[in-house]
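Coordinate inspection notes
Here is how the chains run, residue by residue.
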Amino acid sequence: MINMKKCNCVVGVLGLVIAGLIMQAAASFPMEFSTNGPGPGFWPFALGAALFVCAAILLGYTFANGKELETQEVKLTGPANKRVYVMMGLVVVFTALISIIGFYGAAILAIPAVMYLVDYRNKKGIALTTFGTVLFIYLVFGMLLKTQMPKPFFM
């Protein structure tokens, strides 16, 4: 039997590790403020720090309420979890595609896949959302903030 205490511990430790990796990666970018605002590493570092705090709170809560959480059973194989696992797979594929076809190409494939996963089937809506989102990211991060997005390996 898998209980909530075990799940919380796994999620908490993974959260701490992932947060540390995010903050380490973000620290390689400039974080200082300029006339244009914070450097490109500031917000990823802040998100990593927020994840670290949330994971630490989860672990603290788990250890404070361990006896109660041991009695709560967790069903990992339920049908409601299928979409969660598929979404996790999409995130892994998206991450891998970034280094192969670049950020924008991966986003053009990932956004419709996620929309389809959540049962949105309007093709025009999917196309407009994908185009608008990628355009927004390009304008804000590429043009305004001058952030270099990962390019395809062949460029």
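Heads up: these notes are all about the structure in this document.

Rules behind the numbers
- Residues numbered from 1 in each chain as written.
- Predicted model: local features only at pLDDT ≥ 70, side-chain atom pairs only at ≥ 80, totals over all residues.
- Heavy atoms only, no water.
- Helix = DSSP H or I, 4+ residues; strand = E, 2+ residues; numbered from the N terminus.
- Buried < 20%, exposed > 50% of the residue type's maximum accessible area, 1.4 Å probe, protein only.
- Expected span 1.5 Å × (residues − 1).
- Bend = angle between axes of the 7 residues up to and from the residue.
- Contact = heavy atoms within 4.5 Å.
- Phe/Tyr/Trp six-rings, centres within 6.5 Å; stacked < 30°, edge-to-face > 60°.
- Lys NZ or Arg CZ within 6 Å of the ring centre and 35° of its normal.
- Salt bridge = Lys/Arg side-chain N within 4 Å of Asp/Glu carboxyl O.
- Core = buried A, V, L, I, M, F, W, Y, C linked by side-chain atoms within 4.5 Å.

**Points about the environment of Lys 123**
Structurally, the position occupied by Lys 123 is in helix H5 (residues 123-144). Residue class for Lys 123 comes out exposed when judged on its relative accessible area of 72%.

**Some remarks on helix H4 (residues 82-117)**
Here H4 is 36 residues long, yet its end C-alpha atoms lie only 10 Å apart, well below the 52 Å a rise of 1.5 Å per residue gives. The principal kink in H4, of about 125 degrees, is found at Ile 101. Taken together, the buried positions of H4 are Ile 98, Gly 102, Phe 103, Ala 106, Ala 107, Ala 110, Ile 111, Met 115 and Leu 117. Looking at the buried positions of H4, the neighbouring elements they touch are H5. Two residues or fewer after H4 comes Asp 119, characterised by a positive phi angle close to 70 degrees.

**Structural notes on the environment of Pro 30**
Tracing the sequence through the fold places Pro 30 in the loop between helix H1 (4-26) and helix H2 (42-64). Between the C-alpha atoms of Pro 30 and Pro 40, which are 10 residues apart in sequence, the distance is 6.1 Å. Apart from the residues within four sequence positions on either side, Pro 30 is in contact with Gly 39, Pro 40, Gly 41 and Phe 42.

**A closer look at the packing of aromatic side chains**
For the structure on display, the rule yields six aromatic pairs. Summarising the aromatic geometry, the rings of Phe 33 and Phe 42 are spaced 5.1 Å apart at their centres and angled 65 degrees between planes, so their arrangement reads as edge-to-face. Relative accessible area serves as the criterion here: at 57%, Phe 33 is assigned to the exposed category. Among the residues examined, Phe 42 registers a relative accessible area of 24% and is labelled partly exposed. Here Phe 94 and Phe 103 contribute two aromatic rings whose centre-to-centre distance is 6.1 Å and whose plane-to-plane angle is 75 degrees, an arrangement assigned as edge-to-face. Among the aromatic residues, those joined into a cluster by ring pairs are Phe 94, Phe 103, Tyr 104 and Tyr 138. Against the face of Tyr 116 rests Arg 121, its NZ or CZ located 3.5 Å from the ring centre.

**Digging into the pattern of salt bridges**
A complete count under the given rule lists three salt bridges for this structure. Close ionic contact of Asp 119 with Arg 83 constitutes a salt bridge, the shortest N to O distance being 2.3 Å. Of the two residues, Asp 119 is situated in the loop between H4 and H5 and Arg 83 in helix H4; the sequence distance between them amounts to 36 residues. The exposure class assigned to Asp 119 is partly exposed, which follows from its relative accessible area of 44%. We classify Arg 83 as partly exposed; its relative accessible area is 40%.

**Section: the nonpolar core**
In this structure, Ile 98, Phe 103, Ala 106, Ala 107, Ile 111, Met 115, Ile 126, Val 134, Ile 137 and Met 149 together form the largest nonpolar core, which totals 10 residues. For this core, the secondary-structure elements that each account for two or more residues are H4 and H5. Ignoring any residue separated from it by four or fewer positions in sequence, one finds Phe 103 in contact with Phe 94, Ile 98, Ile 137, Met 149 and Pro 150.

**Here's the deal with the environment of Gly 102**
Residue position: Gly 102 is located in helix H4. Note: C-alpha distance between Gly 102 and Phe 154 (52 residues apart in sequence) is 9.4 Å. Beyond its immediate sequence surroundings of up to four residues, Gly 102 is in contact with Leu 97, Pro 150, Lys 151 and Pro 152.

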